[in-house]
Amino acid sequence: MSTDPDVSTAFSANRTAALPLHPPPTPPAPPHPEFQRSRHVSYWKRCLKTFLPAPYTPMDSTRLMLSFFVLSPLDLLGELVNVTTPAERANYANWIYACQLPSGGFRASPSMSLGARREEDKNGMWDPAHVPATYFALASLCILKDDFKRVKRKECLRWLKKMQRDDGSFGQTLGADGAIEGGRDMRFGYCVMCSRWILRAGKGEKDLVGVEDIDIDGLVRCIRASETYDGGISDEPFHEAHAGFTYCAIAALSIAGRLPDSSNDTSTTTKQLLTAPSNVPLTLHWLASRQTTSVFEEEPLITKPWDFPSANRTESELGLDHNEPDVPPAAGFNGRANKVSDTCYAFWVGASMSLLEQCAGAGGGGRGLADSQRARTYLVDKSQHLVGGFGKVAGDPPDVYHSSLGLAALAMLGERNAATGEGSGDGGEGLKTLDPGFCMSVEARGWAEGVDWDMEESEESKADEYAYMRISGG
Amino acid sequence: MPLYETDPAWADVTPIELDDGGPSPLVAIAYSDDYAEAMSYLRAVMAADEMSERALALTEDLIQMNPAHYTVWLYRARILTAISADLSAELTWLNSIALRHLKNYQIWHHRQTLVDRLGSADGEQAFLRSMLDQDAKNYHVWSYRQWLVRRFALWADDSGELASIEELLNEDVLNNSAWNHRWFLVFGREGQEEGYKVLDETVERELAFAKAAVRKEPQNQSPWNYIRGLLRQTKRPLAEMKDFASEFAALDRPDEVRSSHALDLLADIFADEESNAGQAKVALAMLATKFDPIRASYWQYRKSLLPSKEAPAA
Ligand SMILES: [Zn+2]
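Note that the coordinates shown come from a computational prediction; the quantities given were computed from them, not determined experimentally.

1. Let's talk about the interface of chain A and chain B
Taken together, the contact pairs 100 residues of chain A with 87 residues of chain B. Carbon and sulfur atoms supply 58% of the area that chain A and chain B bury against each other, a total of about 8100 Å² over both sides. Its largest share of buried area at the contact with chain B, chain A owes to Trp-126, Tyr-229 and Phe-238 of chain A, together 13% of the area lost on that side. Inspection of the region where chain A meets chain B yields three salt bridges. Between Glu-217 of chain B and Lys-304 of chain A there is a salt bridge, and its shortest N-O distance comes to 3.4 Å. Taken together, the links from chain A to chain B amount to 35 residue pairs in polar contact (both at pLDDT 80 or more). When contributions to the side of chain A that touches chain B are tallied by element, the ones reaching two or more residues are α2 (63–76), α4 (86–97), α5 (120–123), α12 (280–288), β3 (291–292) and α17 (459–472) of chain A. Of the residues assigned to the side of chain A that touches chain B, the class counts are 48 nonpolar, 32 polar and 20 charged.

Okay, structure coming up:
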């Protein structure tokens, strides 16, 4: 897992990876800003079926993350089943399982594998299970509709427990002498909460007997300690508020059921539990402040809307559509105060707001507190690329990370919807409904709930496994 | 061109080739042959947990090609200890890597390990300044800088930290990272040093500094957030800022409004006052319609939280 809070915070690519996936052909510019569905499908198909170019080398160490960021968009587009065969999907699952470690969890990439020379006690720290990779592996298995029979559930839950420090934070890997390595930030706590949820969502309890749970109060305390004076959340106490960490914290709290519940103030059960963030109105204020009409790096970072030519509306003119011509039609999101819009924050900020609005009773009838119309225009008109995918900043070539989160953001804004039949884009169909807490489709997340952990392994899946072991020589 | 395979110094090592997990690997990367070979040798020395000069050189080779490889950094740090390497030389090498890869977590974690062991902050502030010259908002650099201040107790006014922040904010008053570091210098010391308490006069100095910054650019959210934070932290009422905020936004003179953040603060001040919800609503409506229309939904939500009728006059 990398590295750069700017590009990603949560699961970033190095900026060097933000290069064109393949030499772009030059299709004619579309007449109107539209979601170019078919171009996204071909972009993701190329990502899935051909080699990623050499500039992705810094992501060689985090290929499980990268594979989630390719599978999830194809799922959101509803195209995974169209562009792959059942046999291919089974092989993808096999590839993921090859990264599972006997003591629980998944390594971050096949390139880390010491193969037959791996010995847990002697060199396991150089080929360790990896917290984010474990979430990305489990989430990808949900997307692939795997039966989870080969997941080492009990071992994984026990290992996740070992990844927690005394201060409540989680690390990334277990290193030499059992040290918990990696930062103390919310990315790891978030990935642990997601993994834990997936492993506990299905039917069957017998694996869970005697498995000690993680300390959720500790995680909540750790999040509260990283709240900043301006209402955001950072990676460690006193660091600058950052939308990536803020998302990881709010989503982890949401999955843990530890967001304050304003609609349920009298409920003693929620009242007794430690919740965060400690000041919801302040955090909403910080999140709302992330939307900005500054979308190009050359533009001024602050805007004075009252200087726009005809900025003289009355409140009664503010209907559902307040898209007056003099206010720029596109507004993206930054990750920190006084920075330019960046595609990925349309997801990190938008999802955080939507999760927090629910507990603040501020959904506004589903409209949300962000300007979703301008957010959509930012995505389709500024950061969407002609070859499909999205760039980091308006005008940038697409990269896997921003393309995936840009699509997730559009899905969250309701680029509707294959199911409801409301057309969108040049393919005539929209995107699946997104679960903002898990950053994958509601359908894929729901798959985990249907898993039956007590059911005996089917002969068929045993046969699959056997076939795979022959191929890999395992 | 194989570098390691033909090198006699590596003749005793059997590389571990990549096993890409079956017939349909996901997200395979077309990396160079050099990288593939170096990785195969890295896996081999890691499997042997080899602590040697040649393994150290191999990690350097790999870091050049993939600085985001997280275990290679941990492995390198362990080798440095095992072979009692010269940590100052390591730091010099690391400087060049950091300047080439501005956005990399591992480099800064490694630096922290080294400087902690060296036990001296000499030259660090100057190096950080050169990093910030390239990107004054680099999150890794600011995070490391907080660690440095704590580790070497650089809290005092003559430590150079506060002066450096003044300089950075003079260059760019919008630099929120610098504002955040300033907050850390003021309030991070409490709880770190036994018996240390932030003085009232320090809070006054900070309020004055932030107010001056607002006067320089009234539409800059950073000093407004800083002012609100100072008041909340010291449990003082927002109303203290009523006159100041009114300098930049008065409800009866909409043509002279110079800051949406001042209006936002006034809305909160009015909402706190008895029987002034009406004024708060006016301020929020001004924000929604003219002064900050992209946040119209948010301002309308804030309005919906106010009491629907004016409280009866006492
Ligand atoms: Zn980004």
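Let us keep going from here.
2. Overview of helix α14 (residues 277–291) of chain B
Residue and element names in this part refer to chain B. In this model, α14 (15 residues) spans 19 Å end to end at C-alpha, consistent with the 21 Å of a helix rising 1.5 Å per residue. Of all 15 residues in α14, eleven are buried; the element is thus mostly enclosed. All buried positions along α14 are accounted for by Ala-277, Ala-280, Ala-283, Leu-284, Ala-285, Met-286, Leu-287, Ala-288, Thr-289, Lys-290 and Phe-291. The secondary structure elements touched by the buried residues of α14 are α13 (260–272) and α15 (296–304).

3. Some remarks on helix α6 (residues 131–143) of chain A
All names here are of chain A. In a regular helix each residue adds 1.5 Å, so 13 residues correspond to 18 Å; α6 covers 19 Å between its end C-alpha atoms and thus fits that length. Most of α6 is tucked away, with 13 of its 13 residues classed as buried. At the C-terminal side of α6, Lys-145 shows a positive phi close to 55°.

4. Quick look at the environment of Val-151 of chain A
All names here are of chain A. For Val-151, the location among the structural elements is in the loop between α6 and α7 (153–162). Using a relative accessible area of 7% as the deciding quantity, one classes Val-151 as buried. Taking the C-alpha atoms as reference, Val-151 lies 9.9 Å from Leu-101; in sequence the two are 50 residues apart. Ignoring anything within four residues of it in the chain, the contact list for Val-151 reads Tyr-97, Gln-100, Leu-138, Leu-141, Leu-199 and Trp-453.

5. As for the side chain of Ser-24 of chain B
Considering the arrangement of structural elements, one finds Ser-24 of chain B in the segment before α1 (33–47). Classification of Ser-24 of chain B as buried rests on a relative accessible area of 15%. Contacts of Ser-24 of chain B, omitting those with residues within four sequence positions, involve Asn-91, Tyr-92 and Trp-95 of chain A.

6. Quick notes on the packing of aromatic side chains
One pass over the structure, following the stated rule, counts 38 aromatic pairs over all chains. With 4.8 Å between their ring centres and 65° between their planes, Tyr-31 of chain B and Tyr-35 of chain B make a pair best called edge-to-face. Residue Tyr-31 of chain B shares its accessibility class with Tyr-35 of chain B, and that shared class is buried. Look at Trp-183 of chain B and Phe-187 of chain B: their rings are 4.3 Å apart centre to centre, the planes differ by 35°, and that puts the pair in the tilted class. You can see Trp-183 of chain B and its partner Phe-187 of chain B sitting in helix α9 (residues 176–187), four residues apart, about one turn around the helix. Each member of the pair, Trp-183 of chain B as well as Phe-187 of chain B, carries the same accessibility label: buried. An aromatic cluster is defined as three or more aromatic residues linked by ring pairs; in this entry it consists of Phe-68, Phe-69, Tyr-135, Phe-136, Tyr-190, Tyr-247, Phe-347, Trp-348 and Tyr-401 of chain A.

7. Concerning the nonpolar core
In terms of nonpolar packing, the biggest core is built from 235 residues, with Tyr-135, Tyr-190, Phe-347 and Val-400 of chain A touching the most fellow members. The element best represented in this core is helix α13 (residues 343–360) of chain A, accounting for twelve residues.

8. Quick look at the packing of helix α1 (residues 37–49) of chain A against α2 of chain A
Residues and elements named next belong to chain A. Here α1 crosses α2 at 140°, and the two axes come no closer than 10 Å. Considered as vectors, α1 and α2 are oriented oblique to each other. The two elements α1 and α2 meet at a crossing, and its hand is left-handed. For the pair formed by α1 and α2, the contact residues are Trp-44, Lys-45, Cys-47 and Leu-48 on the first element and Phe-69, Val-70, Leu-71, Pro-73 and Leu-74 on the second. In the contact of α1 with α2, the residues fall into eight nonpolar, no polar and one charged.

9. Some details on the environment of Asp-172 of chain B
Residues and elements named next belong to chain B. Along the chain, Asp-172 turns up in the loop between α8 (161–171) and α9. Judged by its relative accessible area of 28%, Asp-172 falls in the partly exposed class. Spatially, the C-alpha atom of Asp-172 lies 9.1 Å from that of Ala-136, the residues being 36 residues apart in sequence. One polar contact links the side chain of Asp-172 to the main-chain amide nitrogen of Leu-174, over a distance of 2.9 Å.

Rules used throughout
Residues numbered from 1 in each chain as written. Chains lettered and ligands numbered in written order. Predicted model: local features only at pLDDT ≥ 70, side-chain atom pairs only at ≥ 80, totals over all residues. Heavy atoms only, no water. Contact = heavy atoms within 4.5 Å. Buried area = accessible area lost by both parts, 1.4 Å probe. Salt bridge = Lys/Arg side-chain N within 4 Å of Asp/Glu carboxyl O. Polar contact = N/O pair within 3.5 Å; in protein donor to acceptor, adjacent residues only side chain to side chain. Helix = DSSP H or I, 4+ residues; strand = E, 2+ residues; numbered from the N terminus. Nonpolar A, V, L, I, M, F, W, Y, C, P; charged D, E, K, R; others polar. Expected span 1.5 Å × (residues − 1). Buried < 20%, exposed > 50% of the residue type's maximum accessible area, 1.4 Å probe, protein only. Phe/Tyr/Trp six-rings, centres within 6.5 Å; stacked < 30°, edge-to-face > 60°. Core = buried A, V, L, I, M, F, W, Y, C linked by side-chain atoms within 4.5 Å. Axes fitted to C-alpha atoms, helices over the stretch in contact; angles between N-to-C directions. Parallel < 35°, antiparallel > 145°, perpendicular 65-115°, else oblique. Left-handed = near helix turned anticlockwise from the far one by under 90°.

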